[in-house]
Amino acid sequence: MKKLNISLLVLFLGVALTAQNVRTIFTVNSGWEFHKGNLSQKAISDKETIWESVSIPHTWNNVDAFDDERGYYRGVGVYKKSIIFSKKDANKTILLHFEGANQETEVFVNGNIVGTHKGGYTAFSFPITENLKFGEVNEIVVKVTNAFDENIPTLTADFTFFGGIYRDIYIEKMNQVHFSTSKYAAKNVLISTPKVTKKNASIEFKGHISNKTTSIKKIEVLQSIRNGNKEIVKEIKTNFLLKPNEDLKFNQTIKDFKNPILWSPDNPYLYQVVTKIIDKKTKEILDESVNSLGFRWFEFDVDKGFFMNGKHYKLMGTCRHQDYLGIGNAVPDALQVKDIELLKAMGGNFLRLAHYPQDPVIMEACDRLGIITTVEIPIVNYITESKEFATNSIEMAKEMVLQDYNHPSLVSWAYMNEILLRPPFKDNPERQKLYYKSITALAKDIEKVIRELDPYRYTMIPNHGSFSRYVAAELTEIPMIVGWNLYAGWYGNDIRGFEQYLDQHHEKIKKPLLVTEYGAGADPRIRSLTPERFDFSLEYQVYYHTHYLKEILKRPFVAGVNIWNLADFASETRHDAMPFVNNKGIATLDRKPKDAFYLYQAFLKKTPFIAIGSKLWEQGSGFTDTKDGIVCTQPISVFTNQKSAVLYLNGISLGKKMSNEDKTLVWQVPFKNGKNLLEVVSTNDGKTIKDFHSIDFNLIAKNLDSKLVPFESVRITLGSKRYFLDELTKEIWLPSKEYTGENDSWGTIGGAPFQMKNTSRQNYSTDQSIKNTNNDPIYQTQQVGLDAFKLKVPDGFYELTLHFAELISDKEKEVLAYNLDANSEKEAENSSRIFDVLVNGKVIFENLDLLKEYGSEKAVSFKIKQLVTENNGITISFRSVKGEPILNAVELTKVF
Ligand code: GCB
Ligand code: CA
């Protein structure tokens, strides 16, 4: 016991002694003050200036990127902070390291500029020693701007450019002799494994050592490799002589690392490399660097796909954006890592860090969990044909490679996403040719730089589905892998266009293929029993991915795929069902799985898996199957990789189903009013797995005055086939139908669903968000030119709410007016409509002119109290004064 204590004491002392000397690294995230807007040096120190106290990670767009208004603040924000360094630090080299700030940054220490950085997604470090006062208070000021800059990628894109210091800030204190990394904020030791086999591996270590002293230093660089049990398995050391003020480039190699335990998605085995600079004279450790190391070899084959360590892997995964519900891109590390765990839980083994390098914790998690990765610089959609733009792009490429160089999970670098999506100079072919030339030239330059820095990985360009354009611009020629972002069945009408595209590539381009994006939008609040393109239902997303998955798995030449996207993400330019959000995630903005996520689990997971779908909805609603029925039958999907399963409703079996090629079992479930408990059980080879889901069902009688299911309330969206869940009230809005005559109890009479001109979006055609509501989908569809809407409810006192929104925008009206064919003239006239609304024959609104009174794309609701007597029910009728009347939604509640 005593002996142990002494040895422990010695151990602690030992640690304490070395720890004093080597580099210390810590975050300086706390205690910042922030001012939105630019400030002069004078205003920064002015007592009148108003500051808000914040901590890093921080963005100034977490609110305005999600609010009801278009646009978000793109400009300067100023951060400042006091910091004290002890006098003992005076002989150190001190770096300020930023993991990322969007997108241009200037850093000042005590009023002096210490560095500037361009680009929102890569790290940067500035030495600040010379500007510090030791033993006194220092002031750090950081100015960041996310304003548009034509010379900095990204210029435009389908995601929000949240501004601010949104990743960690670190201080690094080191000795005068140290690994120098401030250039490109590179990894302090670059480690590669040029040759790996099962029997033997070679390892290369590269870096720079700086001697900031005025004397010659004799040093030793020691590389110690520890295995997973943290036992030293290999060491090498090399002596170097450092002249005063020298920045020495070093290079060490191990040629015979015997029987390496290989890194792979199945077994992501990591070694640990500790590199030390040791003073030969004093034996003092001057600097220390820690890195992980994984041994693997890999290859992309044109016909057979991806191989790692000789084994075939179909790379199945997603892309990822870095933002999160309510906090934008200022996401704490712990939450970021959960994304990689989510991908792993999906059964994924592949991640495309699109469209930019991400927080270091992401790739660290991928190394640890066995997720293969690609990463890219954020050139998206357009380039600027300037020297600065090219230089900034190249600098970013260098930063990316030198910062992410050591990750065993990383197999390819990428750049230029969909660069020919909307090439400018449409009306000037000669000019456009020059633009194309600039793109090709820039691609070649970036390709060259990346290959020189890292000859051990692949390169890739992700294109959109416009085959010949990219071939003509040589963009399928320049990189080693061709990526395609394919959306047949979403943007493109015919879903089979997907497999045709794949086969076309395989036939014509002799390069490995990755499907770098594919996806369909699904608003978690929308479901449909008749899913169709652009309805944004969870069900259409499942349909789309089922088709794609099967086609992908059939084709070995498809090396890998990345679903667009792991989760929904902020995109300020989008106005779909959920404004300012791209809903192609297979998880929500706060990472709740959508049904498509379970589909992937069923296809990809190797362990027994079963899940009941529609989990995002704990509510259900619908009309009884028959007039005097007491149940409503609706389908429930179960996703499983098992051979069969039985579904129970409130303990009663609904029968056994055998698995099929879609790995989706569908039961027709007779829901009753109130709680419905679903339990699915699968027993195969003696093993049982289960899943549960409880649905609170709001049953409405088909015959609205049924005695068996008394009427309480109903909510109907017109011109729509979707079910919509209001997340606040938990009420469900049901699709509309036509009133078919005396035997029917409710529906529309006359008119047709709204249909926007000049769009491929079919029924769900407004790509406009609706102001003054969070429930845009209720207002985005409507019945146009209707005569009436009938609800034959029993006698009583009711509250009736009519919901309107003029969907023809002012912009649309202009287009129509200029388009002088007969039809559009009629259309333009229709767009300014005036009508009367009557309830049970009584005029409620006379000459209602929504456009004039409220403007277009505004949610307009009217509540009306209505007494119903003598079995008359409620009839809302419309009388045109000018143009066609409209109605978007109806809500009816019985008061008593
Ligand atoms: C793409 C883009 C991506 C978009 C996506 C979409 O091809 O690369 O940035 O978000 O399509 O959803 O339209
Ligand atoms: Ca971080």
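Residues numbered from 1 in each chain as written. Chains lettered and ligands numbered in written order. Predicted model: local features only at pLDDT ≥ 70, side-chain atom pairs only at ≥ 80, totals over all residues. Heavy atoms only, no water.

**Thoughts on the packing of aromatic side chains**
And then number 1: In this structure the tally under the stated criterion is 47 aromatic pairs.
And then number 2: The interplanar angle of 45° and the centroid separation of 5.7 Å between the aromatic rings of F797 and F896 together place this pair among those described as tilted. Residue F797 is found in strand 48 (residues 796-804), and its partner F896 is found in the segment after strand 54 (889-894); the two are separated by 99 residues along the sequence.
And then number 3: Residue class for F797 comes out partly exposed when judged on its relative accessible area of 25%.
And then number 4: When the ring centre of Y598 is taken as origin, the NZ or CZ atom of K615, which lies over that ring, is 5.1 Å away.
And then number 5: The ring centre of F603 lies 5.5 Å from the NZ or CZ of K663, which sits over that ring. (Phe/Tyr/Trp six-rings, centres within 6.5 Å; stacked < 30°, edge-to-face > 60°. Helix = DSSP H or I, 4+ residues; strand = E, 2+ residues; numbered from the N terminus. Buried < 20%, exposed > 50% of the residue type's maximum accessible area, 1.4 Å probe, protein only. Lys NZ or Arg CZ within 6 Å of the ring centre and 35° of its normal.)

**A short note on empty space enclosed by the protein**
And then number 1: Evaluated as defined, the whole model comprises four cavities of 30 Å³ or more.
And then number 2: Of the voids in this model, the largest cavity is the one considered here, and its volume is about 80 Å³.
And then number 3: Looking at the largest cavity, the residues that line it are N102, Y121, F159, T160, F161, F162, H321, Q322, D323, N329, Y356 and A570.
And then number 4: Of the residues that constitute the lining of the largest cavity, the class distribution is six nonpolar, five polar and one charged.
And then number 5: Looking at which domains feed residues into the lining of the largest cavity, each of domain 1 (19-184) and domain 3 (302-389 + 397-436 + 456-606) supplies at least three. (1 Å grid on protein atoms, 1.4 Å probe; cavity = no way out; pocket = protein on both sides within 12 Å on 5 of 7 lines; lining within 4 Å. Points joined across faces, edges and corners; volume = space filled by probe spheres on them. Nonpolar A, V, L, I, M, F, W, Y, C, P; charged D, E, K, R; others polar. Domains from an automatic or database assignment.)

**So, the coordination of the calcium ion (ligand 2)**
And then number 1: Here the calcium ion (ligand 2) is held by the protein donor atoms E99 (OE), D168 (OD), D333 (OD), D333 (OD), D359 (OD) and D359 (OD), which lie 2.4 to 3.2 Å from it.
And then number 2: Each of the six donor atoms around the calcium ion (ligand 2) contributes to a set of angles spanning 44 to 169°, which defines the coordination as irregular. (Donors = N, O, S within 2.8 Å, 3.2 Å for Na, K, Ca; no water. Tetrahedral: all angles 85-135°; square planar, octahedral: opposite > 155°, others 65-115°.)

**Thoughts on the side chain of N381**
And then number 1: Among the secondary structure elements, N381 is positioned in the loop between strand 24 (372-376) and helix 5 (387-404).
And then number 2: Among the residues examined, N381 registers a relative accessible area of 9% and is labelled buried.
And then number 3: At 3.4 Å, the side chain of N381 forms a polar contact with the side chain of T156.
And then number 4: In contact with N381, other than residues within four places in its own chain, are T156, A157, N417, E418, I419, L421 and Y435. (Polar contact = N/O pair within 3.5 Å; in protein donor to acceptor, adjacent residues only side chain to side chain. Contact = heavy atoms within 4.5 Å.)

**Considerations on helix 3 (residues 333-345)**
And then number 1: Helix length check: helix 3 (13 residues) gives 19 Å between terminal C-alpha atoms against 18 Å at 1.5 Å per residue, within 8%.
And then number 2: Buried residues of helix 3: Q336, V337, D339, I340, L342 and L343, and no others.
And then number 3: On its buried side, helix 3 packs onto strand 22 (315-319), strand 23 (350-353), helix 4 (360-369) and helix 10 (595-604).
And then number 4: Where helix 3 terminates, the next one or two residues include G347, which has phi positive at roughly 95°. (Expected span 1.5 Å × (residues − 1).)

**Considering the site of ligand 1**
And then number 1: Around ligand 1 sit 13 residues, and of these D158, E418, Y491, E517 and K584 come closest.
And then number 2: A distance of 2.6 Å separates an oxygen atom of ligand 1 from a polar side-chain atom of H355.
And then number 3: A distance of 2.6 Å is found between an oxygen atom of ligand 1 and a side-chain nitrogen or oxygen belonging to E517.
And then number 4: Contact with the protein chains removes 92% of the 320 Å² of surface that ligand 1 exposes when unbound.
And then number 5: Tallied by class, residues from the shell around ligand 1 come to four nonpolar, four polar and five charged. (Near = heavy atom within 4 Å. Areas by Shrake-Rupley, 256 points an atom, 1.4 Å probe, with all protein chains shown as cover.)

**Comments concerning the sheet that holds strand 14 (residues 217-226)**
And then number 1: If you trace the four strands from one edge of the open sheet to the other, you get 15-14-17-18, paired in antiparallel fashion. The sheet terminates laterally at strand 15 (232-242) and strand 18 (285-293), the two strands that pair on one side only. Averaged over all neighbouring strand pairs, the angle between strand axes comes to 15°, with direction disregarded.
And then number 2: Judged from the eight bridges that link them, strand 14 and strand 17 (residues 271-279) form a sheet pairing that is antiparallel. From the neighbouring strand, V221 faces strand 17, where its bridge partner is I277. (Pairing = 2+ DSSP bridges. Axes fitted to C-alpha atoms, helices over the stretch in contact; angles between N-to-C directions.)

**Quick look at the pattern of salt bridges**
And then number 1: Following the criterion strictly, the structure yields 40 salt bridges and no others.
And then number 2: Note that K311 and D266 form a salt bridge whose closest N and O atoms lie 2.7 Å from each other. Pair noted here: K311 is in strand 21 (residues 311-313) and D266 is in the loop between strand 16 (247-258) and strand 17, with a separation of 45 residues, a long-range link.
And then number 3: Taking relative accessible area as the criterion, K311 reaches 42% and is therefore assigned partly exposed. (Salt bridge = Lys/Arg side-chain N within 4 Å of Asp/Glu carboxyl O.)

**Digging into the nonpolar core**
And then number 1: M416, L475, F804 and I876 are the most contacted members of the largest nonpolar core, which totals 161 residues.
And then number 2: Once residues lying within four places of it in the same chain are set aside, the contact partners of M416 are I377, I379, I383, I439, L442, A443, I461 and P462. (Core = buried A, V, L, I, M, F, W, Y, C linked by side-chain atoms within 4.5 Å.)

**With respect to the UniProt feature "domain: DUF4982" (unreviewed entry) in the protein chain**
And then number 1: As annotated by UniProt and renumbered to match this structure, "domain: DUF4982" (unreviewed entry) occupies residues 635-689.
And then number 2: When the span residues 635-689 is considered, its composition is 0% helix and 75% strand, and the gap between its end C-alpha atoms is 21 Å. (UniProt positions renumbered as here; feature names shortened; annotations may be inferred.)

**So, the sheet that holds strand 35 (residues 632-640)**
And then number 1: If you trace the three strands from one edge of the open sheet to the other, you get 33-35-38, paired in antiparallel fashion. Unpaired on one side and paired on the other, strand 33 (610-612) and strand 38 (664-671) mark the two borders of the sheet. Adjacent strand axes in the sheet meet at a mean angle of 25°, parallel and antiparallel pairs treated alike.
And then number 2: The pairing of strand 35 with strand 38 spans eight bridges and is classified as antiparallel. Considered in strand 38, the bridge of Q634 is made with V669.
And then number 3: Helix 10 contacts strand 33, strand 35 and strand 38 of the sheet and is inclined by roughly 40° relative to strand 35.

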